[in-house]
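Overview (structure and organization)
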Amino acid sequence: MKLRLPRFAIAVEFTREGMIFVLLSLAIGAAAVNTGNNVLYFIFSLMLGMIVVSGMTSRRMLQGLQPTVQFPDHFFSGVPNVCYVSVENKKKRIPSVGIRFIIRDPGFTSVARHFFYIPPRDHISGYARVLFAHRGVSHLREMELQTHVPFAFFLKIRRYFANKTVRVYPRIYRLSEEIVTNISEGLFRESPYRGESHQLLHLRDYMPMDSSKRIHWKASAKAEKILVKEYQKEQGRDLYFYFDCFAEKLPDDRVETAISFVASIAFFFKEHEIDARFIFPGNTFQPKESIHPLLIYLAEWDGSYAEGEILEKPSTTDAVALQLCSRAFPSRLPAVSGTRTLFIEDWQHLLVEERVVQI
Amino acid sequence: MKSALALDRNAMRASLRLGVYLLVITSGFALLLSQKLYVSSSILLVVSAVAFFFVPRPRGGPLWEVASFLYLLFFFADWFWITKSLAPSLVHLFIFIMINKLFNLENDRDYYQIYLLTFLSMLAASSLSVEIEMLYMIILFVLLFVWNIMSITLVKIWSKSDPAEPFPFSLFSARYWGIIGFTGVVMIIFALGIFFILPRAQLGYFGGMKPGQTQHVSGFSQKVQLGDIASIQENTGEVMRIRVTSPQPLTGHRFYWRGSSFDRYDGRSWSTASHLTSMLFQDAVSSFYLTGADVDPNSLVKQEVYSKPIDSRVIFGQDRIVKLDGNFFAVSKNVNNTLLGMGNPEHYDVYSQITTVSPGDLRSRRVAYPENLKRYYTRIDVRNPRIEALANEITRGSLNVYDRTMMVQHYLEKNYRYTTTNLPMSEVDPVSTFLFSKKMGHCEYFATSMVILLRYAGIPSRLVNGFLEGEYNELGSFYVVRQSDAHTWAEVYFGNGLWVTFDPSPRDVVASAGSASFWKMFTPRKVLDSISFFWDRYILIFSAQDQLDILSSVRDQYRETNRKLREKTRQASSSTARWRIVWEQHRRIILFAGLAPLVFYLANLFWKKRKWKLEVVRSPILFYHQMLLRLQKKGLVKAPVATPAEFAELVSRTFPSAGGDVSSITDLFYRARFGNYKLSREDQEFIESALLRLDTL
């Protein structure tokens, strides 16, 4: 049975110097009692007085302070980010010196920021570095203000309750050409119809209201008349990407790598406006419209397989179906005809370069 | 900004370095003051000064490693052969390490190590000396220590904070030192409180430690030469401090701190003829009793004697000593009531019964001298007819012992001059030389002459060596007795064990208690003496018994107050009467407790109002707003669309008498608000008075 000690709003921790000081005080106190020497008693009293004054001063430093912290909306695991920390000093006359804002919540990543001087009736703000090592949902329940002032014998801590939730998205990797080629194999085909893809269909005469950006200047010069580019219609095949990498015991590094792989591909498709469906048990996502739902799901999902969930099947016969699996775990998803299987073990060595994305 | 910050960091480091040097020098001086480590502490001080002024950036190196190794060998040599003691050799080691660190001051750890070493050095120094100067060194060290620790903490924290933020104040600014001083004072106050509360395991005894140099005081041995007392009168060294507590007022009483008494004069020196001594009865709590007769303890005058180390075992106190409290192994008394203590504690309490006998009572006494008394106290070893004739001549015409004694005293006072120089140093008969030739001398000559003359007149008398009452310190309520207060006087026997003091010396009387003016109480010497007394009495020898005494005193005071109140309220017929009695007993406390918060509240209110007033006259927005509020009360409201100038014109038309003030205020508002004009003192005063005038519109 774990013994839980009450956590006080204001707590004290010894520093190395403080421990030495206290031990020295005790030694002198013992010597004073042993010899009855009043000078030693006096010195012992001075040392105790110093400890008392230290406690009173550090407590006063922490009184009247109110910290607030604001996190960005999006966090990616492994990507350094910042949060905005502000500390307000409500005291009328006394400044606060040597204040350290820190988050030591076990369910949250550690955050620390030092503020040297907070004037009375004022506030001070700054950015603090935040780094989440793993994806997931982190709940911030507690934050602390600490001070070593005045003598650095003790670390005085004042705890504040907080109620913030931060979703950390999976790590995003830069996809190598090899991966991209493999994934997009058979994905695109030529189309005779006009559209908005990047593939040139033909050139035609300029008509009023045409955008000047579409003018093909070289061809126009040759033809001695203004010619405008016409593009092909998007005529890619539908892509269905199934996630089938479920481990017996969680967390598992291979599952995490697979999730990051999926997220990286989703980002790639979104950037290249490739329509694809990412299918998980009970959930289907189309990152081209919005990648947020997929990222949120990947942040909150624990990686477990939910039995009996319906999986969306490809709607057309020429759709491309990819299934991401692991050789270490058995496949859980029902077989879909024409599905090409990708094993995470074949590709994870290529997932080296992390990228910073903006949403 | 970068270079400014770098300068800041360097400035911070330089400040910390200076602080460390000051701390080391203070501990060096403390070791020097201990009077035990002159050489090593002097080396520390000299090296510190050299290092600070001539070595701007100390650098370590292999040289110091070699020196450290060599010193380690020296340490053992010091311990086993040179000092032959661990304690001083350890202090020498601390000093070496401090010097080493001063030349290798690189990171924070080095600084903390020096702080620890200086602290240990101070600890050693304060254990070796308990003089009052050590208290001053401790206080100085505490302030410097607090400064150093706080500063290094702030610098460390500042280094970790926003790198673009400059250090907001100087470590040597008055404000920062004010904070340090305040912290030190609060620390000392807490320390004193803790000190007095801490339970004592022993009785505040030093454990055999030598408290300092022993003073030589002649005149209090078994045999004293004529002139011994004079030799110490030139010395102003302090001998003891005495605090007197009396159940009755002793206004006008002059204290004579009786020491040794002698009955036999051989023509050159005084001694005690009989070697008989008796040991005083001691009870279980270290009290010694001199008399078996029942004496009302509440009538005794208590003298708390705090003695400096002197080379005499004589116990001093006002005659007649009845009881003695002190940490003596034993106390003996000779036939002349000279008390000698075995053990020589620095503090003891003497209880005396002071009986003032009027001249009339003394005159009326019919004294019969027993033979054994006359044998000692009228004895003259070497008779001098001339002195005998003088004695007869002086005392002619009176049979009364008191009158004859007074005749001798007056004769000496009127016809001889007091001096401590050009003394009648005769090899043969110094008293004759004094009486007939030189006619000047110090107290020993006067007293000896008086005793001799009285003996020739057949009156038993003896010589007493002791101290005059000394200088009274009103701040600490104690007498400071110095060697220069050493004195000799005579005692005359009036029968029934009554010895009366007579002092024929026409010496200047020292200012007695209560005679100093208010400002003379705060002379530097008296203030320092009070601090020194406090240090000796309440720190050095503070014991468990003192704690019990304080608690008992508080408890007794509380009980007494309660008892008196209960007695009075018991007689009250109603609750109203009872409350009236409580009010009469404690009206001062009740008034203070009730009025103080009210006074504080009103003062705070007044201050806030005053502050607000100041803010109003300094801020253009505020004073203009105040003007509008006042005019609003008079029915003049400024329309939002109206400009201040238009409003001022409106006011001039409506209230011509106020037009001038309003225009002037509006003008000042424009200039201060939009023109960057800084209001002068005259402007502020004008605004204040104008607003007052608008109130009376």
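Predicted model, so just to flag it, every value in this text is computed and none were measured.

As a further point, take the overall build of chain B. Counting its secondary structure elements, chain B contains 21 helices and 21 strands. Looking at chain B residue by residue over its 697 residues, the buried ones come to 47%. In the form shown here, chain B has an accessible surface area of approximately 36300 Å², with 60% of it arising from carbon and sulfur atoms.

A separate point is helix α1 (residues 16-35) of chain A. Relative to the 28 Å expected for 20 residues at 1.5 Å per residue, α1(A) spans 29 Å between its end C-alpha atoms, a close match to the ideal helical length. Every buried residue belonging to α1(A) is among A:Glu17, A:Gly18, A:Phe21, A:Val22, A:Leu24, A:Ser25, A:Ile28, A:Gly29 and A:Ala32, and all of these are buried. Buried residues of α1(A) fall within an arc of 160° about the axis and therefore sit on the same side. For α1(A), the exposed residues lying more than 90 degrees away from the buried face are A:Arg16, A:Leu23, A:Leu26 and A:Asn34. As for α1(A), its buried residues are in contact with β1 (10-14), α2 (38-62) and β9 (154-169) of chain A together with α5 (108-128) of chain B. Remark: A:Gly36 follows α1(A) within two positions and exhibits a positive phi of approximately 70°.

Take a positive patch on the surface next. On the surface, A:Lys92, A:Arg93, A:Arg121 and B:Lys608 cluster together to form a positively charged patch. Owing to a relative accessible area of 67%, A:Arg93 belongs among the exposed residues under this scheme.

Residue and element names in this part refer to chain B. For the pair helix α2 (residues 38-54) and helix α4 (residues 86-102), interaxial distance at closest approach is 10 Å and the crossing angle is 5°. If you check the angle between α2 and α4, you find them roughly parallel. Where α2 approaches α4, its residues Ser40, Ser41, Ile43, Leu44, Val47 and Ser48 are matched on the opposing element by His92, Ile95, Met98, Ile99 and Leu102. Residue classes in the contact of α2 with α4 are distributed as seven nonpolar, four polar and no charged.

With that settled, the discussion passes to the nonpolar core. Membership of the largest hydrophobic core comes to 119 residues, with the highest contact counts inside it found for A:Ile28, A:Phe71, A:Phe101 and B:Tyr115. At 18 residues, helix α6 (residues 132-160) of chain B tops the list of elements feeding residues into this core. Beyond its immediate sequence surroundings of up to four residues, A:Ile28 is in contact with A:Leu40, A:Ile43, A:Phe44, A:Met47, B:Phe119 and B:Leu123.

Note on placement: A:Ser54 falls in helix α2. Here A:Ser54 is in contact with A:Pro150, A:Phe151 and A:Phe154, once residues within four sequence places are set aside.

Another point: the sheet that holds strand β4 (residues 264-265) of chain B. Residues and elements named next belong to chain B. Spatially, β1-β5-β4 is the arrangement adopted by the three strands of the open sheet, whose pairing is antiparallel. Because the sheet does not close on itself, it has two edges, and the strands there are β1 (223-225) and β4. Relative to strand β5 (residues 269-271), β4 runs antiparallel, the two sharing two bridges. Each residue of the ladder has a partner; that of Tyr265, found in β5, is Trp270.

Our focus in this paragraph is the side chain of B:Thr448. Residue and element names in this part refer to chain B. Position of Thr448 among the secondary structure elements: in helix α14 (residues 443-456). In this structure the side chain of Thr448 is engaged in a polar contact, spanning 3.2 Å, whose partner is the side chain of Trp270. For Thr448, the residues in contact, after removing those within four places along its chain, are Leu226, Tyr265, Trp270, Val431 and Leu463.

Residues and elements named next belong to chain B. In spatial order, the strands read β7-β8-β11-β14-β9-β2-β19-β18; together these eight strands make up an open sheet with antiparallel pairing. At either end of the open sheet lies a strand with only one pairing partner, and these are β7 (281-282) and β18 (471-473). Across three bridges, the pairing between β18 and strand β19 (residues 478-482) is antiparallel. Of the residues in β19, the one forming a bridge with Glu471 is Val480. Lying on the sheet, helix α15 (residues 524-540) is in contact with β2 (238-245), β9 (301-307), β18 and β19; it crosses β2 at an angle near 80°.

On to the pattern of salt bridges, then. Two side chains that carry opposite charge are able to pair once their charged atoms sit near each other. All names here are of chain B. Summed over the entire model, instances satisfying the criterion amount to 34 salt bridges over all chains. Between Glu491 and Arg462 there is a salt bridge, with the nearest N and O atoms lying 2.8 Å from each other. In this pair, Glu491 sits in strand β20 (residues 486-493) while Arg462 sits in strand β17 (residues 461-468), placing the two residues 29 residues apart along the sequence. We classify Glu491 as buried; its relative accessible area is 0%.

This brings us to unusual backbone geometry. In this chain, A:Val149 is followed by A:Pro150 through a cis amide linkage whose omega measures 10°. Topologically, A:Pro150 is positioned in the loop between β8 (136-147) and β9. For the peptide bond that leads from B:Asp319 to B:Arg320, omega is 5°, which places it in the cis range. When you line up the elements, B:Arg320 lands in the loop between β10 (317-318) and β11 (321-326). In this model, B:Lys84 sits at a positive phi of 55°, which is unusual for a non-glycine residue. Relative to the elements of secondary structure, B:Lys84 occurs in the loop between α3 (62-82) and α4. The exposure class assigned to B:Lys84 is exposed, which follows from its relative accessible area of 62%. Unlike most non-glycine residues, B:Asn496 shows phi in positive territory, near 55°.

Residues and elements named next belong to chain A. Of all six residues making up strand β15 (residues 320-325), six are buried, and the element is well covered by its neighbours. Burial of β15 is two-sided: the residues Val320, Leu322 and Leu324 facing one way and the residues Ala321, Gln323 and Cys325 facing the other way are all buried. Examined bridge by bridge, strand β12 (residues 239-244) and β15 share six bridges and lie parallel to one another. Following the sheet pairing, Phe241 is matched in β15 by Leu322. Pairing of β15 with strand β16 (residues 339-343), which is carried by five bridges, proceeds in the parallel orientation. Looking at the pairing, Ala321 lines up with Thr339 of β16.

With that out of the way, let us pick up the packing of α4(B) against α5(B). Residues and elements named next belong to chain B. In contact at an axis separation of 10 Å, α4 and α5 are set at 150° when each is read in the N-to-C sense. Of the possible angle classes, the one that applies to α4 and α5 is roughly antiparallel. For α4 against α5, the interelement crossing comes out left-handed. Residue-level inspection shows Val91, Phe94, Ile97, Met98, Lys101 and Leu102 of α4 in contact with α5, the latter providing Asp110, Gln113, Ile114, Leu117, Thr118, Leu120, Ser121 and Ala124. Looking at side-chain class alone, the contact of α4 with α5 contains nine nonpolar, three polar and two charged residues.

Turning to helix α5 (residues 253-271) of chain A, a few remarks are in order. All names here are of chain A. When the terminal C-alpha atoms of α5 are compared, their 27 Å separation across 19 residues agrees well with the 27 Å that a helix rising 1.5 Å per residue should span. If you check the start of α5, you find a side-chain oxygen 2.8 Å away from the backbone N of Arg254, and it comes from Asp252. Immediately beyond the C-terminal end of α5, within one or two residues, lies Glu273, with a positive phi of roughly 55°.

All names here are of chain B. Counting buried residues along β11, six of its six residues qualify, which places the element largely inside the surrounding structure. The sheet contact formed by strand β8 (residues 287-289) and β11 spans three bridges and is antiparallel. Residue pairing across strands places Ser287 opposite Asp325, the latter belonging to β11. Where β11 meets strand β14 (residues 347-352), five bridges bridge the pair, whose relative direction is antiparallel.

Definitions and cut-offs
Residues numbered from 1 in each chain as written. Chains lettered and ligands numbered in written order. Predicted model: local features only at pLDDT ≥ 70, side-chain atom pairs only at ≥ 80, totals over all residues. Heavy atoms only, no water. Helix = DSSP H or I, 4+ residues; strand = E, 2+ residues; numbered from the N terminus. Buried < 20%, exposed > 50% of the residue type's maximum accessible area, 1.4 Å probe, protein only. Areas by Shrake-Rupley, 256 points an atom, 1.4 Å probe, with all protein chains shown as cover. Expected span 1.5 Å × (residues − 1). Arc of directions from axis to C-beta. Contact = heavy atoms within 4.5 Å. Patch = residues over 30% accessible without salt bridge, like charges linked within 9 Å, V, L, I, M, F, W, Y side chains within 5 Å. Salt bridge = Lys/Arg side-chain N within 4 Å of Asp/Glu carboxyl O. Lys, Arg positive; Asp, Glu negative; His and termini not counted. Charge placed at Lys NZ, Arg CZ, Asp CG, Glu CD. Axes fitted to C-alpha atoms, helices over the stretch in contact; angles between N-to-C directions. Parallel < 35°, antiparallel > 145°, perpendicular 65-115°, else oblique. Nonpolar A, V, L, I, M, F, W, Y, C, P; charged D, E, K, R; others polar. Core = buried A, V, L, I, M, F, W, Y, C linked by side-chain atoms within 4.5 Å. Pairing = 2+ DSSP bridges. Polar contact = N/O pair within 3.5 Å; in protein donor to acceptor, adjacent residues only side chain to side chain. Left-handed = near helix turned anticlockwise from the far one by under 90°.

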